[in-house]
Amino acid sequence: MTPTGVTVLLLGMIPFAAFSWALKGHFRSTGAMPAGMKVISALSLVAQLWFAYRLLAGPPSGAWPLAVLLFALALGIFGWAVGTTRRRPPTLAFDRDQPALLYRHGPYRYVRHPFYLAYLTFWAGTAVATPGLLGWAAPVVMLLVYADAARREERKFARSGLAGAYNDYKKQAGMFLPRPWALPR
């Protein structure tokens, strides 16, 4: 266990703790926690424990400063999305609610799923912090899970009274990455 590894782990725990808080402290649910959200929670916990093990077992990769930057970026995107949705928080991933509101300001001006972008940025940071290709397993798996959740949410919008507005919105904002023409000039 190196002092740098402990530092990177502690800095990585900050966004993870914020994401965990949001499950009960920010997001809404229309009933019991959806099964898909339980899967995300379990995968996230296992991946975070694996990240901790890897950093405690040996030194972080030489790119650990980039990982710390990614953790800060993830926390910033997450905080921006929480601030934007504070008055009317979105429901948990995989909830079966019908959309009643379309956010198009804050980070939603650039990406349709800023919470997932924050999570993916964090998981990329964990991969960058640990040596070897095995560290990329969590970001790849989580990308697949978040992409599935995002597609389900987009299908809910397509079946709602907001379908036309959402279709227009999709032309402006990317799913996880901003569209170049929508970036501030």
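To keep things clear, this report deals only with the structure shown in the data block.

Rules used in this analysis
Residues numbered from 1 in each chain as written. Predicted model: local features only at pLDDT ≥ 70, side-chain atom pairs only at ≥ 80, totals over all residues. Heavy atoms only, no water. Axes fitted to C-alpha atoms, helices over the stretch in contact; angles between N-to-C directions. Helix = DSSP H or I, 4+ residues; strand = E, 2+ residues; numbered from the N terminus. Parallel < 35°, antiparallel > 145°, perpendicular 65-115°, else oblique. Contact = heavy atoms within 4.5 Å. Nonpolar A, V, L, I, M, F, W, Y, C, P; charged D, E, K, R; others polar. Polar contact = N/O pair within 3.5 Å; in protein donor to acceptor, adjacent residues only side chain to side chain. Buried < 20%, exposed > 50% of the residue type's maximum accessible area, 1.4 Å probe, protein only. Phe/Tyr/Trp six-rings, centres within 6.5 Å; stacked < 30°, edge-to-face > 60°. Salt bridge = Lys/Arg side-chain N within 4 Å of Asp/Glu carboxyl O.

**Examining the packing of helix 2 (residues 35-57) against helix 5 (residues 137-158)**
Point 1. Viewed as axis vectors pointing N to C, helix 2 and helix 5 meet at an angle of 170°, and their least axial separation amounts to 11 Å. By the angle class used here, helix 2 and helix 5 are roughly antiparallel. Between helix 2, through Ile40, Leu43, Ser44 and Ala47, and helix 5, the contact on the second element is made entirely by Ala138, Val141, Met142, Val145 and Tyr146.
Point 2. Tallied by class, residues from the contact of helix 2 with helix 5 come to 8 nonpolar, 1 polar and no charged.

**Structural notes on the side chain of Arg112**
Point 1. Locating Arg112 in the fold gives a position in the loop between helix 3 (64-85) and helix 4 (114-129).
Point 2. A polar contact is formed between the side chain of Arg112 and the side chain of Glu154, at a distance of 2.6 Å.
Point 3. At a separation of 2.6 Å, a polar atom in the side chain of Arg112 contacts the main-chain carbonyl oxygen of Ala173.
Point 4. Not counting residues within four places of it along the chain, the set of residues in contact with Arg112 comprises Glu154, Tyr166, Tyr169, Lys170, Ala173, Gly174, Met175 and Arg179.

**Some points on the environment of Asp148**
Point 1. Turning to its location among the elements, Asp148 is positioned in helix 5.
Point 2. Among the residues examined, Asp148 registers a relative accessible area of 25% and is labelled partly exposed.
Point 3. Through-space distance from the C-alpha of Asp148 to that of Gly58 is 34 Å; in sequence the pair is 90 residues apart.

**As for the packing of aromatic side chains**
In this description, a pair of aromatic rings is defined by centroid distance and the angle of the planes.
Point 1. Evaluated as defined, the whole model comprises 20 aromatic pairs.
Point 2. For the ring pair Phe51 and Phe71, a centre distance of 6.0 Å and an interplane angle of 80° mean the geometry is edge-to-face. Within this pair, whereas Phe51 is found in helix 2, its partner Phe71 is found in helix 3, the two being separated by 20 residues in sequence.
Point 3. Residue Phe51 is classed as buried on the basis of its relative accessible area, which comes to 3%.
Point 4. Between Trp80 and Tyr110 the ring centres are 6.2 Å apart and the planes differ by 45°, which places this aromatic pair in the tilted class. A residue pair is termed long-range when its members are at least 10 positions apart, and Trp80 in helix 3 and Tyr110 in the loop between helix 3 and helix 4 qualify at 30 residues.
Point 5. The exposure class of Trp80 is partly exposed, given its relative accessible area of 44%.
Point 6. Residue class for Tyr110 comes out buried when judged on its relative accessible area of 13%.

**Overview of the packing of helix 4 against helix 5**
Relative placement of two packed helices is described by the angle separating their axes and the distance separating the axes.
Point 1. Direction vectors running N to C along helix 4 and helix 5 enclose 175°, while the axes themselves pass 9 Å from each other. One finds that helix 4 runs roughly antiparallel with respect to helix 5. Taking contact as the criterion, the partners of Tyr116, Tyr119, Leu120, Trp123, Ala124 and Ala127 in helix 4 are, on helix 5, Ala138, Pro139, Met142, Leu143, Tyr146, Ala149, Ala150 and Glu153.

**Digging into the side chain of His26**
Point 1. Turning to its location among the elements, His26 is positioned in the loop between helix 1 (3-25) and helix 2.
Point 2. At 2.7 Å, the side chain of His26 forms a polar contact with the side chain of Thr85.

**With respect to the pattern of salt bridges**
Point 1. Counted under the stated rule, the structure contains 4 salt bridges.
Point 2. Between Arg112 and Glu154 there is a salt bridge, with the nearest N and O atoms lying 2.6 Å from each other. In this pair, Arg112 is assigned in the loop between helix 3 and helix 4 and Glu154 in helix 5, connecting sequence segments 42 residues apart. Take Arg112 and Glu154: they sit in the same class, and that class is buried.

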